[in-house]
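Chain by chain, the residues:
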Amino acid sequence: MTKPNWNTIRDLFPAAKEFVYLATAGAPPISIPASRAGIRYYEEMASQGDLPWDRWLAEVETVRGKTANFIGANPEEIAFTFSASHGMNLVAQMFGTKGEILTLADEFPSSTLPWLQQRSTMRFIESDPAGLLPMRKIERAISPETRVIVTSSVQYGTGFYQDLIALGQLCHDRHILLAVDASQSIGAIPLNVHDARIDALVFSGYKWTMAGYGIAVIYLAKQHIQSDRFPIAGWLSSRQPELLINNELDLKNTAAAFEVGCPNFAGIFSLGAALDLLVKIGPSHIEARIHELTDYLHDALHNRNFEIASPSDRCDRAGITIVVVQTPEEVVKALTQRNILTAARGRGVRVSLHIFNTFEDVDRFVEALEEIEKPEVAR
């Protein structure tokens, strides 16, 4: 595959020209193609009403196939929803009624609250001071009552990347279900859900896939797709929705049964265009570029004596770096006034780098940070 022209790719993201946009872990800008895909739907509905309904439904299935291919799944294992939080709630309703749920103390609330809402028994594993969680520590934490392990692929507050292949094998060997929130990695790090033996996975479209708000994906492994186990249903959950049968259940035997009502066409179409761009660039190129930019960032910070509260080894990290400062909220505000967009998380400033970023972006950030917060104070 031809090496990407990163300047040409950057041109597809107008916001990257207006800001030093280092906040993908929160929400990045979307590309011009993704924007146009959503706009096209609204323009068609404005000019034709729902006359293109059948064509829109067919396009949804096309995007379902693209999504499945992107994560190594089958189309019947993919469902669309409006947020990863909603997706994890559905997974928790299916898996969380019996046994103990093992999870990480660093998890984002959307990974844990759905299980607590199901009154599941939960146990939290603490990471080490560097944010790392060795596989042996997870293995030691497993008890005879453990039924599900819930984890993010990348921790939002530390940048720690979970080895899902190793964790999936561990869960398989112990007959434990694995549920993953991959919102902080899909679009940044290649993943094959079948190779990782993941039972259920959710991810938001508005983060590293850069598809905008209001669209998310649920992956449910084929062996768990049983129509009598689905916790919700609606007219589009039916095997033949056009018959409008209201007095008996005949649900689809695919993950699409989660899609109980009319699709978010604009969000799904934007996701399709966003995935097209990622595939065209090449997932391996994207991962290498993020590592290259992050290496450059870490070197620049170390040279100025800033402390990094994130993993340093590539095998343990993705695109998120936490830079320790005295007053994170104030520093982030000062950076924003310079058109440098970051976030305050934990002990410092969270920087997240993606394909529209450049080495010059990193330089501007580090120079501004040095002006705002002297390294010797940061330490």
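Every residue gets a number counted from 1 within its own chain, in the order that chain's sequence is written. The model is predicted, so local features are restricted to residues of pLDDT at least 70 and side-chain atom pairs to those at 80 or more, both for listing and for counting; the totals for chains, interfaces and linings are taken over all residues. In computing side-chain values, all of the structure's heavy atoms are included and hydrogens and water are not.

A closer look at the overall build of the chain
Move 1: Along the chain, the regular secondary structure elements total 13 helices and 12 strands.
Move 2: The globule rule used for comparison is 2.2 Å times the number of residues to the exponent 0.38, while the radius of gyration itself is calculated over C-alpha atoms. Against the globule reference of 21 Å for 379 residues, the chain gives a C-alpha radius of gyration of 21 Å, in line with a compact fold.
Move 3: In terms of overall dimensions, the chain has a C-alpha envelope of 70 × 60 × 40 Å along the principal axes.
Move 4: Asp and Glu count as negative and Lys and Arg as positive, but His and the ends of the chain are not part of the count. Every charge is mapped to an atom, namely NZ of Lys, CZ of Arg, CG of Asp or CD of Glu. Each charge class in the chain can be summarised by its mean position, and for the 35 positive and 45 negative side chains these summaries are 1 Å apart. Helix and strand definitions here come from DSSP, where helices need a minimum of 4 consecutive H or I residues and strands a minimum of 2 consecutive E residues; each element is numbered from the N-terminal end.

Things to note about the packing of aromatic side chains
Move 1: Aromatic rings from Phe, Tyr and Trp, with only the six-membered ring used for Trp, were paired whenever their centres fell within 6.5 Å, and each pair was classed as stacked if the ring planes differed by under 30 degrees, edge-to-face if by over 60, and tilted otherwise. Under the counting rule described, the total for this entry stands at 13 aromatic pairs.
Move 2: With centroids separated by 5.7 Å and ring planes inclined at 40 degrees, the aromatic side chains of Tyr41 and Phe265 adopt a geometry described as tilted. Of this pair, Tyr41 sits in helix α3 (residues 32–48) while Phe265 sits in helix α9 (residues 265–281); the two residues are 224 residues apart in sequence, bridging distant segments of the chain.
Move 3: In this structure Phe265 comes out as buried when scored by relative accessible area, which is 4%.
Move 4: Through successive ring pairs, a cluster of aromatic residues spans Tyr41, Tyr42, Trp53, Trp56, Phe265 and Phe269.
Move 5: In this analysis the charged atom, NZ for Lys or CZ for Arg, is taken to sit over a ring once it is within 6 Å of the ring centre and within 35 degrees of the ring normal. The ring of Phe359 is capped by Arg289, whose NZ or CZ atom sits 5.1 Å from the centre of that ring. Only protein chains enter the accessibility calculation, which uses a 1.4 Å probe; a residue whose area is less than 20% of its type maximum is buried, one above 50% is exposed, and one in between is partly exposed.

Points about α9
Move 1: Expected span, for any helix, means 1.5 Å times one less than how many residues it has. With 17 residues, α9 should cover 24 Å at 1.5 Å per step; its first-to-last C-alpha distance of 25 Å lies within 8% of that length.
Move 2: Of all 17 residues making up α9, 14 are buried, and the element is well covered by its neighbours.

Comments concerning the pattern of salt bridges
Move 1: For this analysis, a salt bridge means a side-chain nitrogen from Lys or Arg found within 4 Å of a carboxyl oxygen belonging to Asp or Glu. Evaluation of the coordinates by the stated rule reveals 17 salt bridges.
Move 2: Between Asp361 and Arg10 there is a salt bridge, with its nearest N and O atoms 3.0 Å apart. Of this pair, Asp361 sits in helix α12 (residues 359–372) while Arg10 sits in helix α1 (residues 6–10), and the two are 351 residues apart along the sequence.
Move 3: One salt bridge in this structure joins Asp250 and Arg239, with 3.2 Å as the shortest N-O distance. Here Arg239 lies in the loop between β8 (216–220) and α9 and Asp250 lies in the loop between β8 and α9, a separation of 11 residues in the sequence.
Move 4: For Asp250, a relative accessible area of 34% corresponds to the partly exposed category.
Move 5: Each member of the salt-bridge network shares a partner with another, and the members are Arg40, Glu44, Arg55 and Glu59.

Describing the pairing of strand β7 (residues 200–204)
Move 1: Extensive coverage of β7 is indicated by the burial of 5 of its 5 residues.
Move 2: Side chains Ala200, Val202 and Ser204 project from β7 onto one buried face, and the interleaved Leu201 and Phe203 project onto a second face that is buried too.
Move 3: Pairing between strands requires that DSSP locate at least two bridges from one strand to the other. Pairing geometry for strand β6 (residues 177–181) and β7, over 3 bridges, is parallel. Across the sheet, residue Asp181 finds its bridge partner in β7, namely Val202.

Some remarks on the sheet that holds strand β3 (residues 100–104)
Move 1: The 7 strands are arranged β2-β8-β7-β6-β5-β3-β4 in an open sheet whose pairing can be described as mixed. Strands with a single pairing partner mark the edges of an open sheet, and in this sheet they are β2 (78–81) and β4 (121–125). When strand polarity is set aside, the average angle formed by the axes of neighbouring strands in this sheet is 20 degrees.
Move 2: Across 5 bridges, the pairing between β7 and β8 is antiparallel. For helices, the fitted line uses only the C-alpha atoms of the stretch in contact; every axis is such a line through C-alpha atoms, and the angle between N-to-C directions lies from 0 to 180 degrees.

Remarks on helix α4 (residues 53–71)
Move 1: In this model, α4 (19 residues) spans 27 Å end to end at C-alpha, consistent with the 27 Å of a helix rising 1.5 Å per residue.
Move 2: Within α4, burial applies to Trp56, Glu59, Val60, Val63, Arg64, Gly65, Thr67, Ala68, Phe70 and Ile71.
Move 3: For α4, the elements touching its buried residues are α3, β2, β7, β8, α9 and α10 (283–303).
Move 4: Following α4 by one or two positions, Gly72 has its phi on the positive side, about 75 degrees. Whether two residues are in contact is decided by their heavy atoms: any pair within 4.5 Å suffices.

Observations regarding the sheet that holds strand β12 (residues 348–352)
Move 1: Reading across the sheet, the 3 strands line up as β9-β12-β11 and stay open at both edges, with antiparallel pairing between neighbours. Lying at the two open borders of the sheet, with one neighbouring strand each, are β9 (320–324) and β11 (343–345). Neighbour-to-neighbour, the strand axes of this sheet turn through a mean angle of 40 degrees, independent of strand direction.
Move 2: As paired strands, β11 and β12 are joined by 3 bridges and run antiparallel to one another. Opposite Arg345, over in β12, you have Gly348 as the bridge partner.

Quick word on the state of the cysteines
Move 1: Throughout, a disulfide means two cysteine sulfur atoms within 2.5 Å of one another. According to the stated counting rule, one finds 0 disulfides in the structure shown.
Move 2: Among the cysteines around Cys315, which has no disulfide bond, Cys171 carries the closest sulfur, lying 19 Å off.
Move 3: Judged by its relative accessible area of 55%, Cys315 falls in the exposed class.

Description of the packing of α10 against α12
Move 1: Where α10 meets α12, the axes come as close as 10 Å, and the angle between the chain directions of the two elements is 25 degrees. Considering the angle they form, α10 stands roughly parallel to α12. Crossing handedness for the pair α10 and α12: right-handed. In contact with Arg289, Glu292, Leu293, Tyr296, Leu297, Ala300 and Leu301 of α10, α12 contributes Phe359, Val362, Asp363, Phe365, Val366 and Leu369.
Move 2: Lys, Arg, Asp and Glu make up the charged group, whereas Ala, Val, Leu, Ile, Met, Phe, Trp, Tyr, Cys and Pro make up the nonpolar group; the residues left over, Gly among them, are polar. Here the residues of the contact of α10 with α12 are counted per class, giving 10 nonpolar, no polar and 3 charged. Each angle receives one of four descriptions, namely roughly parallel if under 35 degrees, roughly antiparallel if over 145, roughly perpendicular if within 65 to 115, and oblique otherwise. What makes a crossing left-handed is the near helix being turned counterclockwise from the far one by less than a right angle; a clockwise turn instead makes it right-handed.

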